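# Structural description and commentary
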Amino acid sequence: MLWLAIAIPTLPLLVCPRRVAEPGAGPARPRLVVESHGKGQRAMLVDELAASLGLKAGMKLSAALALVNELDVQPRQPAAEAQRLTLLASWALQFTPTVVIDGEHGLLLEIGGCLRYFGGLTTLQHKVADGLVAQGIVAHIACAPTPLAASWRAACGLKKPVADIAQLAFALAGLPLDVLPVPTATLDGLEQLGLKNLGQVYGLPRKGLAKRFGPQLPQVLDQAAGILADPRESFVAPDRFEHSIDLDYPVETVPVFIHVAQWLFDELELFLSGRGLGVQQVTFRLRHEDIPPTELQVRFGRPGRRAKEFMLVLQEKVERYELAAAAPGITLIAEQLHALHGMPLGLFGHEAGDANFQLLLARLRARLGDDAVQGVRTVPEHRPERAWVACEPGEASKPSPPSARPQGPRPGWLLPQPHALAWRNEQLWHGEALQCEGRPERIETGWWDGESVARDYYIARGVSGRHYWVFQDRSTQAWWLHGLFA
């Protein structure tokens, strides 16, 4: 077995409420995540700007404010961190079916069985790293034959892969003691013995370690070295998508709502791409302070998973949409997920979706309404005005028997009702003189339903070169215009 570990130490910062940049806004302020510690708060994580100003993890918030008086202080959000880690685990399923959530800030991927498919370990590592960078995530990746060894090396930022279990002892020897998942008292006891790294701990007798520190320490050491089994529970992706963004300011306008929707659609694409799924409809749930939540449903015509296509439909949908009230939190929900295996997503990559007919239908319906966009299908019927019915776009026509098929050409434009033709100078007239060409097509039917017709249809040509579809009613001898040819 071979495990690929992903450590994301900046996850608490990644899930902090985001703000849409406004024109003329000042420079970004240093950010830090704080958590309660006794009666006060301490910095749990700081960004690069804050670190450059002398702030560091473990510092009291009061001390940090004394050094830098303008800070972007965010409380830690464990629920949002778990939500984002679940999303990343779903995304990682595109690389291997065995994904494990490792602690609060990491993932483990068992990749031993999929190396050949991706073209080797180096290629797979690059694919994973590129995917994380595309999401704006700074992560450490490491590989080792055991999950603990991979996790420890990723936590220390050691990128060189260890593929052979015989190399584990050397690969683990230089790691610091704080990678061990043991109580703080155990770590303090090891330091009191003068131990500095795992190599020195591995050199001590297991029975002595168990007697002094309990059975947990030698068990962990043997699991990391591959001597004892280390079973892990595989991640099972949820059967629906629900992701929330809580903002440190309320969304009051549609343009800001669109920005937040883009973030949510990007996360939805990650979730769907990892599992080979798509969605046909989503719901935005907007949380308000003084009124109940409101919802906005968006339909996409057919199952898809591209955030870009989702945004095109949403922008049409909100053309005349107004928020019921300011919304400090927005949730995106996709209840029904559809398998996309074997469904083409575009011959020329993602951009091919711009010409997708189903996407066009979804955009038209979002702008005009569902009832304003319909398809047409044929039915087995000789009378032209009854040979078609309105239907859902894309619905197939019913096959017609040979006796019900048209015997002559049909115009692309059929009038809603036949238009009576006049005679001028012994010629049919419709804005110009008409001359019938060729042999007529006789349609005589409908006697069984009380609306019988007996017509002789002709193609008539005007002096302008236009072509018309006309008929003579055999019972009244009157002439009528029924359609126009392009």
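Anything mentioned here points back to the structure above.
What you are looking at is a predicted structure, and each value in this text was computed from that prediction instead of being measured. (Residues numbered from 1 in each chain as written. Predicted model: local features only at pLDDT ≥ 70, side-chain atom pairs only at ≥ 80, totals over all residues. Heavy atoms only, no water.)

## A few points about the overall build of the chain
Worth spelling out the cut-off: Strands are runs of DSSP state E lasting at least two residues, helices are runs of H or I lasting at least four, and both sets are numbered from the N terminus onward. Radius of gyration: over C-alpha atoms. The globule rule applied is 2.2 Å multiplied by the number of residues raised to the 0.38 power. Relative accessible area decides the class of each residue, using a 1.4 Å probe on protein chains only: under 20% of the type maximum gives buried, over 50% gives exposed, and in between gives partly exposed. Every residue pair with non-hydrogen atoms within 4.5 Å of one another is taken to be in contact. Methods summary: accessible areas were calculated by the Shrake-Rupley approach with a probe of 1.4 Å, and residue burial reflects only the protein chains presented.
The helix and strand inventory of the chain stands at 15 helices and 21 strands. In summary, the chain has a C-alpha radius of gyration of 35 Å against a globular reference of 23 Å for 486 residues, an excess of more than 25%. Considering only C-alpha atoms, the chain reaches an extent of 120 × 50 × 40 Å along its principal axes. When burial is assessed residue by residue, the chain has 43% of its 486 residues classed as buried. The contacts of the chain with a sequence gap of at least 6 include a subset with a gap of at least 24, amounting to 59%. Only carbon and sulfur atoms are counted for the fraction: they give 54% of the accessible area of the chain, which is about 26600 Å².

## Focus on the packing of aromatic side chains
We count it as follows: Classification of ring pairs rests on two measures: the distance between centres of Phe, Tyr or Trp rings, Trp counted by its six-membered ring, which must be within 6.5 Å, and the angle between planes, read as stacked under 30 degrees, edge-to-face over 60 and tilted in between.
Counted according to the given criterion, the structure contains 15 aromatic pairs. Centroid distance phenylalanine 265 to phenylalanine 300: 6.3 Å. Interplanar angle 70 degrees. Geometry classified as edge-to-face. With phenylalanine 265 in helix H13 (residues 254–275) and phenylalanine 300 in strand S10 (residues 294–304), this pair connects stretches of sequence that are 35 residues apart. With respect to burial, phenylalanine 265 and phenylalanine 300 carry one shared label: buried. Where phenylalanine 300 meets phenylalanine 310, the ring centres are 4.3 Å apart and the plane angle is 25 degrees; that geometry is what we call stacked. Taken together, the positions of phenylalanine 300 in strand S10 and phenylalanine 310 in helix H14 (residues 307–317) put the pair ten residues apart, joining distant regions of the chain. For phenylalanine 300, a relative accessible area of 5% puts it in the buried group. A relative accessible area of 1% places phenylalanine 310 in the buried class.

## Considerations on a nonpolar patch on the surface
Worth spelling out the cut-off: Patches draw on residues past 30% relative accessible area with no salt bridge. Two like charges within 9 Å are joined, as are two nonpolar side chains (Val, Leu, Ile, Met, Phe, Trp, Tyr) within 5 Å. A pair is scored as a salt bridge if a Lys or Arg side-chain nitrogen falls within 4 Å of a carboxyl oxygen belonging to Asp or Glu.
Nonpolar side chains collect at one region of the surface, where Leu360, Leu364 and Leu368 lie side by side and expose about 260 Å² of accessible area between them. Along the chain, the position of leucine 360 falls in helix H15 (residues 357–368).

## Structural notes on the sheet that holds strand S3 (residues 40–46)
In sheet architecture, strand pairing relies on hydrogen bonds along the backbone and comes in two forms, parallel and antiparallel. Heads up, the rule is: The criterion for strand pairing is that DSSP finds at least two bridges linking the strands in question. Between N-to-C directions, angles cover 0 to 180 degrees, with each direction set by a line fitted to C-alpha atoms, over the stretch in contact for helices.
Spatially, the three strands line up as an open sheet ordered S3-S2-S4, and their pairing is mixed. One side of each edge strand has no neighbouring strand; the edge strands of this open sheet are S3 and strand S4 (72–75). Taken over all neighbouring pairs, the strand axes of this sheet differ in orientation by 40 degrees on average, direction set aside. Inspection of the sheet shows strand S2 (residues 31–37) paired to S3 by six bridges, in the antiparallel sense. For serine 36, the partnering residue across the bridge sits in S3 and is glutamine 41.

## Re the pattern of salt bridges
Evaluated as defined, the whole model comprises 24 salt bridges. Here glutamate 269 and arginine 306 are joined by a salt bridge, their closest N and O atoms 3.9 Å apart. With glutamate 269 in helix H13 and arginine 306 in the loop between S10 and H14, this residue pair connects regions lying 37 residues apart in the sequence. Classification of arginine 306 by relative accessible area gives buried; the value is 15%. Here aspartate 456 and arginine 474 are joined by a salt bridge, their closest N and O atoms 3.9 Å apart.

## Let's talk about unusual backbone geometry
One non-glycine residue, asparagine 425, adopts positive backbone phi at about 55 degrees. You can see asparagine 425 is positioned in the loop between strand S16 (422–424) and strand S17 (427–429). A positive phi is found at glutamate 426, a non-glycine position, where the angle reads about 60 degrees. With respect to the secondary-structure elements, glutamate 426 resides in the loop between S16 and S17.

In short, the description is geometric, and any link to function would need to be established separately.
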